[in-house]
Amino acid sequence: MNWDDLKLVDAAARMRSLSGAAKALDISQPQLSRRLKSFEDRIGARLFDRTPTGLKPTDAGLRLIPLADDMRKKAEAAARILPDLSGSALKVVRVAVDEVRARVLTDRFELLTSLLDGVELELISSHQHVNHQSRSIELQIRNCLPETDTLIARKIGELAYAVYGSADYVAKHPAARTPDRYKLCTWLGFAPDDLWYPSQMRWLETRLAQMPKLRSNTMTTLMNMTASGAGLCLLPVFMGDSNRELVRLTEPLAELTNVEHIIVHRDLRREPAVRQAMDAIAEVFRHMGPQLRGSLLNEAVAAAE
């Protein structure tokens, strides 16, 4: 018995028709029909009944079909790693990130590249779960866990948010330094799109007395507008604290502090280039830990006092 025979069984079971199975395997229907019948003759069992509504598995077929299905999945897993088994192993690792996590990596560009040792990273902008099955992306950095057991999540750190305003705006609006900031100050908010910062948007909606003056789906735009004196905004603390035009008005908000993960397909986690990229990214997040949590500024203020 070989996999070519079980391919026929698997395709016929999934498509429930000879024509559909032939199309899936890119062969002619007469060829598939002959090969399937020849296989049934060799094993001495009919696997499918041909009915007016399509192929119906027999008892023998029901025993063999799950095994054929398992073999197909194993073959697909092997196909995903085959490109990396040649002498020219995978050297480019594509990482899906949003602009905030991309900023973490680029803020420590020299450290990141020093750890890659010949592996090239491509940062692909994405706020959605990406399709790891297709091999279009090797890694993704997100704060939410994967929804399937084919993916593995590796914790790499935490990312905190706080409220910021420009020094000029805060000087003109003393309420910015008090809990009344949510009622008396102008705010910048987030675009009403669940793909872009939904937690931050909901957090603001439960506190603001009026609608934000401006909305955006990019943190860079919001940070620049805040620095220009347009109002107050939630920002990642590592971005806000590093901007000399901004004043942090709250401690890092525990309810908006998220655990960050690298997500990778199980089949790829042992690929040397992918593993090296994961280790390098994890080291950057470890190195940036105090800034990402907002504890570096707190420590500096305490030391000054």
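The following paragraphs examine the structure supplied in this document. Owing to the predicted nature of the structure, the values given are computational and were not obtained by experimental measurement. (Residues numbered from 1 in each chain as written. Predicted model: local features only at pLDDT ≥ 70, side-chain atom pairs only at ≥ 80, totals over all residues. Heavy atoms only, no water.)

What about the sheet that holds strand 3 (residues 92–97)?
For sheets, the rule is that strands pair by backbone hydrogen bonds, running either parallel or antiparallel. Read from one edge to the other, the open sheet built from five strands follows the order 4-3-5-12-6, with strand pairing classed as mixed. Of all the strands in the sheet, just strand 4 (120–125) and strand 6 (151–159) have a single pairing partner and so form its edges. Direction aside, neighbouring strands of the sheet carry axes that sit 25° apart on average. Pairing geometry for strand 3 and strand 4, over six bridges, is parallel. In the sheet register, V93 faces strand 4, and the bridge partner there is L121. (Pairing = 2+ DSSP bridges. Helix = DSSP H or I, 4+ residues; strand = E, 2+ residues; numbered from the N terminus. Axes fitted to C-alpha atoms, helices over the stretch in contact; angles between N-to-C directions.)

Some details on the pattern of salt bridges
Opposite charge on two side chains permits pairing when their charged atoms draw close. Overall, the coordinates contain 19 salt bridges when judged by the stated rule. When the shortest N-O distance is used, the salt bridge between D10 and R72 registers 2.8 Å. Of this pair, D10 sits in helix 1 (residues 3–15) while R72 sits in helix 4 (residues 59–81); the two residues are 62 residues apart in sequence, bridging distant segments of the chain. Exposure class is identical for D10 and R72. Each is buried. (Salt bridge = Lys/Arg side-chain N within 4 Å of Asp/Glu carboxyl O. Buried < 20%, exposed > 50% of the residue type's maximum accessible area, 1.4 Å probe, protein only.)

Here we look at the pairing of strand 2 (residues 54–57)
As judged from the four bridges shared by strand 1 (residues 48–51) and strand 2, these two strands associate in the antiparallel manner. Each bridged residue has a counterpart across the sheet, and for D49 the counterpart in strand 2 is K56. Hairpin remark: strand 1 followed by strand 2, antiparallel, with two residues in the connecting loop.

Thoughts on the packing of aromatic side chains
Under the defined criterion, the tally for this structure stands at three aromatic pairs. Between F190 and Y197, the aromatic rings sit 5.8 Å apart at their centres with planes inclined by 50°, giving tilted as the arrangement. Y197 shares its class with F190; the two are buried. Members of the aromatic cluster, connected to one another through ring pairs, are Y182, W187 and W203. (Phe/Tyr/Trp six-rings, centres within 6.5 Å; stacked < 30°, edge-to-face > 60°.)

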